[in-house]
Every structure is written in structure tokens, then in C-alpha cells.
Amino acid sequence: MQAIATTRLTVLRGTTTDAYGDEQDLDTAVATGIPASLTEQSRRVTTRDNPTPRIVRYAVARVTAGTDIRDQDRVRDERTGSVYIVDAVSAMANPAAAPDLRLDLRRTT
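First, a word on what this report is: a plain description of the structure on this page.

Cut-off values and rules
Residues numbered from 1 in each chain as written. Predicted model: local features only at pLDDT ≥ 70, side-chain atom pairs only at ≥ 80, totals over all residues. Heavy atoms only, no water. Helix = DSSP H or I, 4+ residues; strand = E, 2+ residues; numbered from the N terminus. Contact = heavy atoms within 4.5 Å. Areas by Shrake-Rupley, 256 points an atom, 1.4 Å probe, with all protein chains shown as cover. Pairing = 2+ DSSP bridges. Axes fitted to C-alpha atoms, helices over the stretch in contact; angles between N-to-C directions. Buried < 20%, exposed > 50% of the residue type's maximum accessible area, 1.4 Å probe, protein only. Polar contact = N/O pair within 3.5 Å; in protein donor to acceptor, adjacent residues only side chain to side chain.

1. Quick look at the overall build of the protein chain
Working step 1: Regarding its fold elements, the protein chain presents 0 helices and 6 strands.
Working step 2: The order of α-helices and β-strands along the protein chain, N terminus first, is β-β-β-β-β-β.
Working step 3: Considering only C-alpha atoms, the protein chain reaches an extent of 45 × 45 × 25 Å along its principal axes.
Working step 4: Counting contacts in the protein chain only where the partners sit at least 6 residues apart, residues at least 24 apart contribute 51% of the total.
Working step 5: Here the protein chain has roughly 7200 Å² of accessible surface; of this, 48% comes from carbon and sulfur atoms.

Right, dumping it as C-alpha cells:
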């Protein structure tokens, strides 16, 4: 991993259906103890339709290349217990070394 790890993550995956037919997330741990660099940031956002500024919070994590994390997985920060949904997984192209995976996260708890 090229980034400096600030926490460890647990990857949660899977869904089930409840008695009413609604889909629910399972807390099945696929992997635990994954070193990660996790940062939360905020940004002031406006749109043409609504010029009133809003503060949007988001999180970004970096993990070692080759880590089995997919879009729509959930990750739990083992240090704080916060759970995030993985909105996107990406990596920059680098012919010399395998770059870290970047996870765009949305906090759920």
C-alpha cells in the first residue's frame, strides 16, 4: 500500500429478503483487518436550480491494489464502527507499480 494507513476496514457483502419482500443488507464479513487510509471531507455545493449553498460530506479510502472490494459493498471502520457504502472503486493507471484502489464512500451510520 502506498498511502499511509489510518485504520482497518471490514468488508460486508450480501443481501436477504425480509418477510415483506424487501431487500435487506447482511452483515456477512467477507474480509477483516484490511489496512486503509480513510479521510472524510466536506464541500460547499450549489447548483443552477438551487443557488443556496449546501455542505456535502463525503469520504474517500485507499486500500492495497487487488483487495476484493466491489461497488455497493459496505465497509466498517474498525476504529470508529462507522459503516460506509462503496459508491465507486477506481485506480489510476501506472505501468511501473500497482496503484492503491480508491474507494468513494457514502456514510450510512
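2. Describing the sheet that holds strand S4 (residues 74-77)
Working step 1: Around the barrel, which closes on itself, the 6 strands sit in the order S1-S2-S3-S6-S5-S4 with antiparallel pairing between neighbours. Ignoring which end each strand starts from, the neighbouring axes of this sheet average 45° apart.
Working step 2: Sheet analysis places strand S2 (residues 23-45) next to strand S3 (residues 54-63), joined by 10 bridges and oriented antiparallel. Within the sheet, the bridge partner assigned to Glu 40 lies in S3 and is Ala 59.

3. Focus on the side chain of Asp 73
Working step 1: Within the fold, Asp 73 resides in the loop between S3 and S4.
Working step 2: Its relative accessible area of 4% is what places Asp 73 among the buried residues.
Working step 3: A distance of 2.7 Å separates the side chain of Asp 73 from the side chain of Arg 13, its partner in a polar contact.
Working step 4: Among residues more than four places away in sequence, those in contact with Asp 73 are Val 11, Leu 12, Arg 13, Asp 68, Tyr 84, Ile 85 and Val 86.

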